[in-house]
Structures are given as structure tokens and as C-alpha cells.
Amino acid sequence: MPSIPTVHFGLAGLGNVGMGVYKNLLRNGDLVASRSGVRLDVRKIAIRNRDKHVAAGVPAALLTTDWRDLVNDPDISVIVELIGGTTDAYDLVKSAILARKAVVTGNKALLAERGIELVALAERENVPLYFEAAVAGGIPIIKAVREALIGNNIEAIYGIINGTTNFILTRMSDDGLSYDDALAEAQQLGFAEADPYLDVSGWDAGHKAIILAWLSYGQWVSPDQVHVEGISHLTRSDLAFARSMGYAVKLLAVVRLDASKNIEVRVQPSLVPRSSILASINGVMNAVAVYGDIVGETLFYGSGAGQDATSSSVISDLVDAADNLINEAGTNNGFVPHGQYGASLPVADTISSYYLRLHVDDRPGVIAAIASLLADHSIGILSMNQPEVDASANGADLMLMLHKASYGSMLAARNAIAALDCVRQPPVLLRVEKFPARHA
Ligand code: HSE
């Protein structure tokens, strides 16, 4: 191969994804070099436990326990941040930008919480910042939105962007597992962390949705303006009932703009029509549907997590960073913040249809009382189902499909219903999401 330039990078973090980057560059480094015209060379790796990594075969000479060694090395021109969290990772990214080193990160929480200042700093210092691995693992959704779809107004994005919760919901729905058993299996298979909070609370997807909203609309929506609900309150009967009604339940991220340019960003378990493609995304897979005003509907599918898939995105960012350095393209990474327009739509004003499950006394007047409270809030009943139980049963389940209403009205109605004496357990309220008609 003719001599080609080499770009040295520093890798901070050698966990699952970091090891994937290291390993897959050993495997495909020549291919990447022949395609891109730049050789990527890992110069230093910052880790916590040196012995562990030496034992795993990583050359000791590459390792340091202080990420500052990466930032201070004049030969390193790109820093890859894969240490996670929002404290050390923030210090590292900020220091790297100030040292005028390009940054590649997979850290969705860092961007969602502090992206507004880090991106401003990167712009001020004219340093490119790449984050393909932060959203949907191996799916090139960042490149798609900021480069391939740059000519479009983004009308809406609907995404299944957390593999762990999609695995749990699939096992509950298809195989009748309880939430606890499905979560335990996800942990056993290495999909869910020992502390699964970020996944099952919906916040991992929430962070990714904030990044997609920023790319789409040029505005950072603060996490406290994002409505995020997790999946831990769902039962097998919710999933079975949804299925019988022609729906699948998915933890769905919704990012869209209304006619007044208010941005809606939310993540909630939602009933989606089984006829939709998103309903068929199962297991740990992710999918993101992006609607552009020119292109219409596009759909991106793939592994949203995992060592190899996520490292594929990091390697792509590394090539872009190296290409920019070699060709002195500055911060040209295909995206320019575009206007900072719009405001966040308060979740109370967002509109959808709903599913409401109640556990109630099985006696005359109960349905009338519930219907009356719904009517008080101008919410119509689309259908109602009370599976038959015998008289010895401890109450009855009541599943209602409700017409479109604002979330504010729906919450007020739900709270009033929850306060009825005949309602024995906290109600379960889920969105029903219909997708825009496909362009012909
Ligand atoms: N834990 C995430 C998931 C991957 O299950 O999709 C990293 O964001």
C-alpha cells in the first residue's frame, strides 16, 4: 500500500465499546486505511485497571491510568471518550476541546445534559465533535439526519432506541414472561446493566431523543422539559391486551415539531399498530423512522447496542475526524446549528389517543362512574373490555381505549379516576401512537 498519513488518537475507556474499537481496528484497520487514505493509530489508552487490560493482551506501553496523559500528548490529535458518566467525561471532553483536539464520544447522557455548553465551546474553539455512537449504537442515524437528510425539514422522528427495554417488552409479549423475569434474563445475557435504571426508566432513550431533537431542530431541549416514562409498571396483561387489540407495546421516542414550531420530545411505553414496521422491531434491535418534508418516510434498523455494532460508529467518526485533520476541513462535519428556533411543547399540551387499564370493584355503577369522569374531561371512549371473572375473584380488570385528548386532560381524568373508591390499584395509562400515512 502506498504511504498514507497516520492520525494518532487517544482512547479513554476500554470497557465494552472501547474494547470493540481497539479490537475492530486491529481487525479492519487496513481496510479502513485503504478506503479512507488515513491510517488510524491508537497512541494511548486511559483505563482504571492496568493489570486487567494487560492480562487481556493490551500492550502495557499503551496504557495510562490518567486521561490527562491523552490530552497532554502533542502527537494525539483525536480523543475518543468512552468512559461514560457526566463528570470525568465532561472534564475530559472540555479539556480535549481546549487543547484543540477533535473529540469522538458515545456519551448520550453527557450530550443531553451538557451538550449545549460543550457544542458552544467546540464551535468557539473550532474543534469538531462527533457522536455517532451516542444514538442507536451501530445505526448511522446521526450521519443520516445531519448529512443525508440535510435538505429536509424534519417533520417527525419515531424511534425504538433502547435495546434493553425492547428485549424485555418482546419477551413479555411474545413469551409471556413477567417484567422481573425478562429483566433478569436481559441482565444474564449482558444486555442490561447490573443497575438497569437508565434503560428501564426510559432515560437512556430520553438522552438519545434530546440529541435527535437538537440535530433536527437546532435547539437543545432541556431534560426537565422532556417527558420520560419507563416500562417497569407494565404487566403481561397490558401486552396481551394490546396484542388482542392489534397493537404492540414499544418504548417509543417521539421527536416532532408542531405547526407553531414547538418541539415535542418524549419517551413513553406506547401502543403502536401491529401493522406498522416499528411494531415488528423485536429483541434488542433498534429502529428509527425519520419523516422529512422532501424525502418522506425513511427507516433505519440495526443493533442499537453491543461492542461490535457501537464500535462501528466510533470508527466511522474517527475516520471523519482524521479526514478533517488531513484535509484541514475545520469543523466541517456536515452539520451547522440552524436557527435555535422554536420552544418545547409542554407535555400537558401533547395530544394522542390512550390506553387505560384499571383494576376495579366488580359491581354495578363502576363503569358509569368512570365514564362520567372521562366525560367531565371531554375524553371519549373508543372501546372497553372487561375480561369475565367469577364472583370469587378479587375485583376485575377494565381496559379502555380512549379517543385523542391532551395529555394534561388525560392526566387530570386519570387522577380523578384513581381517587374513586371502586378503583383498587393505580391506573396504568399508555399512549397510543399512530404514525403519519406513508408517502405514496
Ligand atoms: N443500554 C442501551 C440499550 C445501549 O439497551 O439500548 C446504550 O445506550
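What you see is a predicted model, and the numbers here were worked out from it, not measured in a lab. (Residues numbered from 1 in each chain as written. Predicted model: local features only at pLDDT ≥ 70, side-chain atom pairs only at ≥ 80, totals over all residues. Heavy atoms only, no water.)

Student: Is there a simple way to think about the overall build of the protein chain in this case?
Tutor: A tally of regular secondary structure across the protein chain gives 14 helices and 17 strands. Since a compact globule built from 440 residues should have a radius of gyration of about 22 Å, the 24 Å found for the protein chain is in line with a globular shape. Principal-axis analysis of the C-alpha atoms places the extent of the protein chain at approximately 85 × 50 × 40 Å. Here the protein chain, with 440 residues, has 53% of them falling under the buried criterion. Counting every atom, the protein chain has about 18,500 Å² of accessible surface; 50% of that belongs to carbon and sulfur. (Helix = DSSP H or I, 4+ residues; strand = E, 2+ residues; numbered from the N terminus. Rg over C-alpha atoms; globule rule 2.2 N^0.38 Å. Buried < 20%, exposed > 50% of the residue type's maximum accessible area, 1.4 Å probe, protein only. Areas by Shrake-Rupley, 256 points an atom, 1.4 Å probe, with all protein chains shown as cover.)

Student: When you look at the packing of aromatic side chains in this model, what are you seeing that I'm missing?
Tutor: Describing an aromatic ring pair means giving the distance of the ring centres and the angle of the ring planes. Under the defined criterion, the tally for this structure stands at six aromatic pairs. With a centroid separation of 5.7 Å and 40 degrees between ring planes, the pair formed by Phe 131 and Trp 214 is classed as tilted. Placement of the pair is Phe 131 in the loop between β6 (129–130) and α6 (141–148) and Trp 214 in helix α10 (residues 203–217), with a sequence separation of 83 residues. For the pair Phe 131 and Trp 214, a shared accessibility class is recorded, and that class is buried. Following the ring pairs from residue to residue traces out a cluster consisting of Phe 131, Trp 214 and Trp 220. A cation sits over an aromatic face here: Arg 114 above Tyr 90, 3.5 Å from the ring centre. Positioned above the aromatic ring of Phe 131, the side-chain terminus of Arg 146 is 5.2 Å from the ring centre. (Phe/Tyr/Trp six-rings, centres within 6.5 Å; stacked < 30°, edge-to-face > 60°. Lys NZ or Arg CZ within 6 Å of the ring centre and 35° of its normal.)

Student: Can you walk me through the sheet that holds strand β5 (residues 102–105) in this structure?
Tutor: Hydrogen bonding along the main chain pairs the strands of a sheet, whether they run parallel or antiparallel. The six strands are arranged β3-β2-β1-β4-β5-β6 in an open sheet whose pairing can be described as parallel. Edge positions in the open sheet fall to β3 (63–64) and β6, since each of these has one partner strand only. Of the strand pairs in this sheet, strand β4 (residues 78–81) and β5 are connected by four bridges, and their pairing is parallel. Counterpart to Val 80 in the pairing with β5 is Val 104. (Pairing = 2+ DSSP bridges.)

Student: Sorry if this is basic, but what is going on with unusual backbone geometry here?
Tutor: The bulk of non-glycine residues show a negative phi, and the bulk of peptide bonds are trans. Positioned with a positive phi, Asn 126 is a non-glycine residue whose angle comes to about 55 degrees. Mapped onto the elements of the fold, Asn 126 is located in the loop between α5 (108–125) and β6. For Asn 126, a relative accessible area of 46% corresponds to the partly exposed category. In the Ramachandran plot, Lys 261 falls in the positive-phi region, its phi being about 65 degrees despite a non-glycine side chain.

Student: I'm lost on the environment of Leu 110 in this one. Help?
Tutor: Mapped onto the elements of the fold, Leu 110 is located in helix α5. With relative accessibility at 1%, the residue Leu 110 sits in the buried group. Non-local contacts of Leu 110, meaning those with residues more than four positions away in its chain, are made with Glu 81, Gly 85, Thr 86, Ala 89, Tyr 90, Val 93, Gly 115 and Leu 118. (Contact = heavy atoms within 4.5 Å.)

Student: I tried to follow the domain arrangement of the protein chain on my own but got confused; where do I start?
Tutor: Quite often, the size of an interface is put as the accessible area lost when its parts meet. Under the domain assignment used here, the protein chain contains domain 1 (6–137 + 307–326), domain 2 (141–303) and domain 3 (347–439). Distance between the C-alpha centres of domain 1 and domain 2: 27 Å. With 19 residues of domain 1 at the interface, the matching set in domain 2 holds 19 residues. Both sides of the domain 1 and domain 2 interface together cover about 1,600 Å² of buried area, and 70% of this is carbon and sulfur. Per-residue buried area on domain 1 facing domain 2 is highest for Ala 112, Phe 131 and Val 135; these three make up 34% of the total on that side. Where domain 1 packs against domain 2, one counts one salt bridge. A salt bridge links Asp 320 to Lys 143, with the nearest nitrogen and oxygen atoms 2.7 Å apart. (Domains from an automatic or database assignment. Buried area = accessible area lost by both parts, 1.4 Å probe. Salt bridge = Lys/Arg side-chain N within 4 Å of Asp/Glu carboxyl O.)

Student: For this particular structure, what's the right way to read the pairing of strand β16 (residues 396–406)?
Tutor: Taken residue by residue, a regular strand's side chains alternate between the two faces of the sheet. A large share of β16 lies buried, amounting to eight of its 11 residues. Looking at chain direction, strand β14 (residues 351–360) and β16 are connected through nine bridges and run antiparallel. Bridging across to β16, Val 360 finds its partner in Ala 396. In this structure, strand β15 (residues 381–385) lies alongside β16, joined through four bridges in antiparallel fashion. Residue pairing across strands places Asn 385 opposite Met 399, the latter belonging to β16.

Student: Honestly, a nonpolar patch on the surface in this entry has me stumped. Any pointers?
Tutor: Taken together, the side chains of Ile 367, Ile 381 and Met 384 present a nonpolar region at the surface, about 220 Å² in accessible area. With respect to the helices and strands, the residue Ile 381 is situated in strand β15. (Patch = residues over 30% accessible without salt bridge, like charges linked within 9 Å, V, L, I, M, F, W, Y side chains within 5 Å.)

Student: Looking at this structure, I do not really get the site of the ligand. What am I missing?
Tutor: Near the ligand you find Lys 108, Asn 162, Gly 163, Thr 164, Asp 199, Asp 204, Lys 208, Gly 304 and Ala 305, and these make up its full shell. In this structure, Lys 108 approaches the ligand through a side-chain N or O atom, which is 2.8 Å from an oxygen atom. At 2.9 Å from an oxygen atom of the ligand is found a side-chain nitrogen or oxygen belonging to Lys 208. Computed on the free molecule, the ligand has an accessible area of 260 Å², of which 84% lies beneath the protein chains in the complex. (Near = heavy atom within 4 Å. Polar contact = N/O pair within 3.5 Å; in protein donor to acceptor, adjacent residues only side chain to side chain.)

Student: Could you clarify how one ought to interpret the pairing of strand β9 (residues 247–257) in this entry?
Tutor: Within β9, 10 of the 11 residues are buried, which leaves the element mostly enclosed by the surrounding structure. Two strands pair when backbone bridges link them, and strand β7 (residues 154–160) and β9 are joined in this way by four bridges, in the antiparallel orientation. Note on β9: the bridge partner recorded for Tyr 158 is Val 254. Here β9 pairs with strand β10 (residues 262–273) via 11 bridges, running antiparallel. Its bridge partner being in β10, Arg 256 is matched across the sheet by Glu 264. Between the antiparallel neighbours β9 and β10 lie four residues, among them Lys 261 with a positive phi of about 65 degrees.

Student: What's the story with the packing of α6 against α10 in this structure? I'm lost.
Tutor: When two helices pack together, their arrangement is captured by the angle between the axes and the distance separating the axes. Running from amino to carboxyl end, α6 crosses α10 at an angle of 15 degrees, the nearest separation of the two axes being 9 Å. Looking at the two axes, α6 sits roughly parallel to α10. Considering only the axes of α6 and α10, their crossing is right-handed. Mapping the contact onto sequence places Ile 141, Ile 142, Val 145 and Arg 146 in α6 and Ile 211, Leu 212, Leu 215 and Ser 216 in α10. For the contact of α6 with α10, the class distribution of residues is six nonpolar, one polar and one charged. (Axes fitted to C-alpha atoms, helices over the stretch in contact; angles between N-to-C directions. Parallel < 35°, antiparallel > 145°, perpendicular 65-115°, else oblique. Left-handed = near helix turned anticlockwise from the far one by under 90°. Nonpolar A, V, L, I, M, F, W, Y, C, P; charged D, E, K, R; others polar.)

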